[in-house]
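A structural walkthrough
Residue-level listing of the chains:
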2 protein chains.
Amino acid sequence: MNRDRELAQLQAIDRELTLLEQNSALLEWDEETQMPSEALEGRSDQISLIQGYIYDKKTSSLMGELLDALEEDGVHCTDVQRAIVRTYRREYDRTVKIPRQLVLDLSHAASTGQAAWTGAREQSDFSLFSNNLEHMIGLKRDYAEAMGYGEHLYDALIDEYEPGMSSSMVSAVFDPLKVSVSELLSAVAAQPQIDDSFLYRDYPRDLQDSFGRMILRDMGFDFSRAQMAEAVHPFTTTVGYDDIRITTRYDEPMVSSPLFSTIHEGGHALYELGASNSTTRGTVLAQGVSMAVHESQSRLWENVIARSEEFWHHYYPRMKDLFPEQLSDVTEQAFVRGVNKVEPSMIRVNADEVSYSLHIILRFELEKALISGDLTVTDLPAAWNDMMKELLGIVPATDAEGVLQDVHWSAGLFGYFPTYALGNLFGSQFYRTMELSIPDLGRQIAAGNLRAAGSWLNEHIYRHGSIYPSLELLSRVTGEQLDPQYFIDYLNRKYAAIYHLD
Amino acid sequence: MNRDRELAQLQAIDRELTLLEQNSALLEWDEETQMPSEALEGRSDQISLIQGYIYDKKTSSLMGELLDALEEDGVHCTDVQRAIVRTYRREYDRTVKIPRQLVLDLSHAASTGQAAWTGAREQSDFSLFSNNLEHMIGLKRDYAEAMGYGEHLYDALIDEYEPGMSSSMVSAVFDPLKVSVSELLSAVAAQPQIDDSFLYRDYPRDLQDSFGRMILRDMGFDFSRAQMAEAVHPFTTTVGYDDIRITTRYDEPMVSSPLFSTIHEGGHALYELGASNSTTRGTVLAQGVSMAVHESQSRLWENVIARSEEFWHHYYPRMKDLFPEQLSDVTEQAFVRGVNKVEPSMIRVNADEVSYSLHIILRFELEKALISGDLTVTDLPAAWNDMMKELLGIVPATDAEGVLQDVHWSAGLFGYFPTYALGNLFGSQFYRTMELSIPDLGRQIAAGNLRAAGSWLNEHIYRHGSIYPSLELLSRVTGEQLDPQYFIDYLNRKYAAIYHLD
C-alpha cells in the first residue's frame, strides 16, 4: 500500500517540530548568554509556550495514526524514513504512556527538589534534601513502571538517555573498567606526582580566547555556521540548520580548564554541524544520536586528541608565542604531563581522565540500588563515602563535596550519569578504528592537520546524525560490539608513558 | 450581558500572541547581533513559522467572534479592555480585508523590489528599479482600496503606521513647518559655519561604549531589564516583559554619531520599559502606541535633551576625562556647537535636526503624488532633484545619493516616512508641557539628574503603553491638539543661540 500521503504529513510535522526545537534552544541560549537578569520569569513563559506546542504535536492523535500507518511492513523503505518513524514512535510512546499527573508531579518535584538541593548544598546538610530525594525516587519508580522495562526498573531510566542500553549492559562494561582503572590509579599513585603549578599563572583572557578559537578553526569548527559566547556553564546547542552555538568561560583559575572545555564543546559542535546535511536537514535526524555517542565525540577531541603529545607538538610552540612569560620555564614535555596530571579528587567535574570513570561508576551503582530499593535514602551519604573510599581512596569531609555535589538527582535525571563514562568507551573504540584507517594519524595531528581526524569522523559518524541507533552505529563503524578494553588499553598505554610506569 | 468568558478568552489569546511577538523579536535580534552568516535561510524559516502562528491567531474566526461580542455596548468597561479590543479589531480588519493574493503579491514585490533596489543603488541607476517601483505602487493602491480610506488613497497607507492620522492632517502641520524651517536654514546659512572637526578624531571604542552606557544608566535604562549589543543597524526591540534590547555601532568616523544613536535607541527603550508594567504586562498594550509617539521619545532624548547646553554642562567634563587628548583644545561651548552643526546634505539619515524635517516633507509630498497618480515613476528622479533644490538648496549628483538612498519604497513602506517628522512635533510639544510642569528642568539636567525627565515621561507617557491612541494621548498630556508651532519655536530659539542669530 502506498503511504506517500502519510509520509508527507509526517515530514511536514517533523519540519515544524525541528524549527520549534531550534527556537526553544535559542530561547535557552539567549537566557544563558545575553538576557538581562530580571527577564527570567518572562523567558520561562516563552519557553513553556513553545514546549507546549512541541508536546501537543508530538502526542497528537494524528501523530499516533501516522506512526501506526507507517509502521506497516515495507512502507518506509529508506533508512532516513525508518529512523524518523522510529524516533517519533519513541517520543510518542514515552509521552502517551506516562499519566499526565505523573508528568506534573515530576516537574514539580524537580523544581522544588532543585531548590531544596541548592539550600542543602549551601549548608552542606544532606538531611535538608533527603525528603525531596525520597519523593523523587518514588516518582521515578512510577515512571519506570509506566514506561515498562526489561530486567530492572532502572533499565527504563537508562533507556531514556541512551536508547537500547540496559543496566546489565552497562554493568558488563563498567565492571572490568572499574578493576583496570583502580589498578592504574594505584600504579600512578606510587610514582612521583607531576607539577602543574604553571597552569595557574595569570593568562590574559583575550589571548585565551584567541587561542581557543584558533584550535576550534583547525578542528573544522566553521564560524560561518557556528558561534561561541561566554556563559556560566559550558554547553552546546543547535539553534538552526546551520547554526550551532557553544559557550565557554574564562574565569577559571587554571588556563587549561576553559581551553579543554572549549575543545570538548567544539567536539559536540562538530558532531551537530556534520549531522545537519542535505540528507537530514529539517528533520529530527539532523542531530547526534544519543548522549553517549555525543559524549564520545566531545571526549575524543578533548582527551584523546587534545591532551596527546602529538597535539602539543604542534600547538605548544604557538601557545608559548602567546604566553612567553607564563611558560618561559616550561618544556613541551612538562606541559603535556601537566595537562594529564592524575589525582583522585572529590568533585566529578574536576576529575582527571583516569579517575573520572570511577566517579561515574559510583553514581551508577548508587542509582541502581536507590531505584531497586536495595539502598535507602537515609543510608545514601554513608554509602557514598564508603564507595569513595573504596574506589578513589578518599573520603569527603562534607556532604557538599560528597553526595550533594551534582544537580542531577534533584532534577530527576536518574540514568543520565552512565552516558558520561559510556562516552569514553565509545570514543576510544571509534578512535582505534580511525587509527587503523589513517595509519599516519599521529603524524597528521603533530603537523597540526586536525582536519584529517575531523573528516574521518564526519564521514563515519557525524553525517549519519540520528539515522542509526547508537549501538548499531558503533558496530557499523567499528565492526564490533561495545568493548571497554579499547578505553582500558588507551588509558594504560597513555599513562604508562606520562607517569613512567614499567 | 456578561461577557467575562469572552474577555477571558481574548486575554488568553492576547497573552499567547504577546509571547509569540516577543519570540519573533528575539529571532530577529539574534539574527542581527549573534547569528553566524550561513544561518540566514534557516532563520527565515523559523521566523516564518512563528509569524504564521501569529497571523492565524489574529485572523481566526474565534477572534472575529470575540471582537464582535465584546464590541457590544458597555461590555468592556475599563480603558485597558477597550484598548485591547480596539487593537485587535484593527489588526483583524486589516488582515481580513486584504485578499490573500494581494498579501502574497506585496510580499513578493518587497522581496524582489529590495533586490532590484540594492542593484540599482550600487550602480546608481534608477531605471534598474523603476519597473519594480511602478509595480509596488500599483499594489499599494490596491491595498488602500481594499482597506478603505477617507479622502485620499494615501490616507490608508499613513493610517497603517500612525492610526488616526490622515494626509490632510499631516499637510496641515508640515506646511507651516516647511516655511519656518526654510527660513531658519537661510538664516543659519548666512552665519559663519561651525567647526566640528574634533568629532572625527580617534576615540577608542571601549571608552565610547562606557560613556554611552553611563548616560543610558543615568537616563534610567535599567540593565537588569534591558541590554545593549552591537549590530550593523541601530534598533530597539522588545523580547520579553522585562527584556528590551537596543543595538549600536562604533565604527562611525564621528564620535557623536554612535553616542546620539545610543541615546536615541535608549529613548525608545525607556518607552518600552515603562510601557511594560503591572497594568499592561502580558498584553498587546505593553508597548509604545505608534511610530510617531515612539519617535517622539527617541528624538526628545537624542536632540532636545542630549544636544542641549544643560546636558553637556554636566557631561562634557566627564567626556573630557575619558578623552583628554582628543578634546584638549575644545571648550564646552565649542563642543555643544559642534554637535548641533547645521548643514544641508543629501542623505536623510545623516541630516541635522533642522534640515531633517525637510527630507521628510520631500518624501511625503512625493509619496502622496505617486500614490494619487499626480507623479509618474518616470518623472520621480527629476521631481526629487527639483525638490531638493527647492527645499535644501542642493542637488544630488547621482541617483544613489538622491532618489535611491532609502530602502523604504522598495520594501513597500509608503506612509512610514511622515512618522519620523511627526515624532519631532509630538516630542517638542510633550517637552514643553514637561518644562511647564518641572520649572527647574534645565537645572536638573545641568546637574546630571536625567531621572527628573525620565520620571515625568514615565508618569505621563510611558506607563500608558498603547492604552490611548496617539492623538488622544497627546491631548491628555498636553491639553492640546497637535501643533507644529512648539517644534518651530524650539528650533528657532535653540539655533538662534547656537548660530548667534539676531
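Criteria and thresholds
Residues numbered from 1 in each chain as written. Chains lettered and ligands numbered in written order. Predicted model: local features only at pLDDT ≥ 70, side-chain atom pairs only at ≥ 80, totals over all residues. Heavy atoms only, no water. Contact = heavy atoms within 4.5 Å. Buried area = accessible area lost by both parts, 1.4 Å probe. Salt bridge = Lys/Arg side-chain N within 4 Å of Asp/Glu carboxyl O. Polar contact = N/O pair within 3.5 Å; in protein donor to acceptor, adjacent residues only side chain to side chain. Helix = DSSP H or I, 4+ residues; strand = E, 2+ residues; numbered from the N terminus. Nonpolar A, V, L, I, M, F, W, Y, C, P; charged D, E, K, R; others polar. Core = buried A, V, L, I, M, F, W, Y, C linked by side-chain atoms within 4.5 Å. Buried < 20%, exposed > 50% of the residue type's maximum accessible area, 1.4 Å probe, protein only. Pairing = 2+ DSSP bridges. Axes fitted to C-alpha atoms, helices over the stretch in contact; angles between N-to-C directions. Domains from an automatic or database assignment. Expected span 1.5 Å × (residues − 1). Least-squares fit on C-alpha atoms with pLDDT ≥ 70 in both. Parallel < 35°, antiparallel > 145°, perpendicular 65-115°, else oblique. Left-handed = near helix turned anticlockwise from the far one by under 90°. Phe/Tyr/Trp six-rings, centres within 6.5 Å; stacked < 30°, edge-to-face > 60°.

1. Thoughts on the interface of chain B and chain A
Contact residues are listed per partner, giving 37 residues for chain B and 36 residues for chain A. Across the interface of chain B and chain A, roughly 2900 Å² is buried in total on both sides, 53% from carbon and sulfur atoms. In terms of surface lost to chain A, no three residues of chain B exceed B:Q34, B:P36 and B:Q46, which account for 20% of the buried area on that side. Between the two partners, chain B and chain A, sit six salt bridges. Taking the shortest distance from any N to any O, the salt bridge between B:D45 and A:R15 comes out at 3.6 Å. Summed over the shared surface of chain B and chain A, the result is 19 residue pairs in polar contact (both at pLDDT 80 or more). Those elements giving two or more residues to the side of chain B that touches chain A turn out to be α1 (4–33), α2 (40–58), β1 (226–230), β2 (236–240) and β3 (243–248) of chain B. Of all the elements, α1(B) adds the most residues to the side of chain B that touches chain A, at 11 residues. A per-class count over the side of chain B that touches chain A returns 16 nonpolar, 10 polar and 11 charged.

2. Describing the nonpolar core
In summary, soluble globular proteins display a tendency toward joint burial of nonpolar side chains. A:W312 and B:W312 are the most contacted members of the largest nonpolar core, which totals 328 residues. If sequence neighbours within four positions are ignored, A:W312 has contacts with A:F211, A:L259, A:F260, A:A306, A:R307, A:P317, A:M319, A:E332, A:F335, A:V336 and A:V339.

3. What to know about the sheet that holds β3(B)
Strand pairing in a sheet takes place through backbone hydrogen bonds and is either antiparallel or parallel in direction. All names here are of chain B. Spatially, the three strands line up as an open sheet ordered β1-β3-β2, and their pairing is mixed. The sheet is open, and its two borders are formed by β1 and β2, each paired with just one other strand. For this sheet the average axis-to-axis angle between neighbouring strands, irrespective of direction, equals 25 degrees. The pairing of β1 with β3 spans five bridges and is classified as parallel. When the bridges of β3 are listed, A229 appears paired with T247. Across the sheet, helix α9 (residues 205–219) lies against β1 and β3, angled at about 155 degrees from β1, the strand it touches most. Packed on one face of the sheet, helix α10 (residues 256–275) meets β1, β2 and β3 and runs near 165 degrees to β3.

4. Observations regarding the domain arrangement of chain A
Residue and element names in this part refer to chain A. Segmenting chain A into domains produces domain 1 (4–161) and domain 2 (199–327 + 432–480). Using only C-alpha atoms to locate each centre, domain 1 and domain 2 end up separated by 27 Å. In this assembly, 18 residues from domain 1 lie in contact with 25 residues from domain 2. Counting the surface lost from both domain 1 and domain 2, the interface buries some 1800 Å², and carbon and sulfur atoms represent 65% of this. Summed over the shared surface of domain 1 and domain 2, the result is zero salt bridges. Counting every contact that joins domain 1 to domain 2 gives five residue pairs in polar contact (both at pLDDT 80 or more). Contributions of two or more residues to the side of domain 1 that touches domain 2 are made by α1 (4–33) and α4 (79–97). Sorting elements by how many residues they give to the side of domain 1 that touches domain 2 places α1 first, with 10 residues.

5. Remarks on helix α8 (residues 167–189) of chain A
With 23 residues, α8(A) extends 31 Å from end C-alpha to end C-alpha; this agrees with the ideal 33 Å at 1.5 Å per step. Its buried side turned inward, α8(A) meets α7 (153–161), α14 (356–372), α15 (380–392), α16 (417–437) and α20 (485–498) of chain A.

6. Some words on the relation of the copies chain B and chain A
Overlaying chain B on chain A yields an RMSD of 0.0 Å, the required transformation being a rotation through 180 degrees with an accompanying axial translation of 0.0 Å. Both copies are brought into coincidence by an operation consistent with a two-fold rotation axis. Here 97% of the contact residues of chain B are again contact residues in chain A; the copies associate through an equivalent surface.

7. Quick look at the pairing of β2(B)
Burial analysis of β2(B) places four of its five residues in the buried class, which makes it a mostly covered element. Hairpin remark: β2(B) followed by β3(B), antiparallel, with two residues in the connecting loop.

8. Digging into the sheet that holds strand β3 (residues 243–248) of chain A
Residue and element names in this part refer to chain A. With mixed pairing, the three strands of this open sheet are ordered in space as β1-β3-β2. Only two strands of the sheet have a single partner each, and these edge strands are β1 (226–230) and β2 (236–240). On average, adjacent strands in this sheet sit at an angle of 25 degrees to one another, irrespective of strand direction.

9. Regarding the pairing of β2(A)
Here β2(A) pairs with β3(A) via four bridges, running antiparallel. Considered in β3(A), the bridge of A:T237 is made with A:R245.

10. Re the packing of helix α3 (residues 61–71) of chain B against helix α4 (residues 79–97) of chain B
Residue and element names in this part refer to chain B. For the pair α3 and α4, interaxial distance at closest approach is 10 Å and the crossing angle is 135 degrees. Compared by their axis directions, α3 and α4 come out oblique. At the point where α3 passes α4, the crossing takes the left-handed sense. Every residue of α4 that contacts α3 at M63, G64, L67, D68, L70 and E71 is listed here: V85, Y88, R89 and Y92. Counted by class, the contact of α3 with α4 contains six nonpolar, one polar and three charged residues.

11. Some details on the packing of aromatic side chains
Scanning the model with the defined rule gives 45 aromatic pairs over all chains in all. Relative to B:Y53, the ring of A:Y53 lies with its centre 5.2 Å away and its plane at 75 degrees, an arrangement referred to as edge-to-face. Pair noted here: A:Y53 is in helix α2 (residues 40–58) and B:Y53 is in helix α2, and the two residues belong to different chains. Each of the two residues, A:Y53 as well as B:Y53, counts as buried. Between B:Y316 and B:F335, the ring centres sit 4.7 Å apart and the planes meet at 35 degrees, which makes this aromatic pair tilted. Remark: B:F335 occurs in helix α13 (residues 332–338) and B:Y316 occurs in helix α12 (residues 309–322); sequence separation between them is 19 residues. Among the residues examined, B:Y316 registers a relative accessible area of 3% and is labelled buried.

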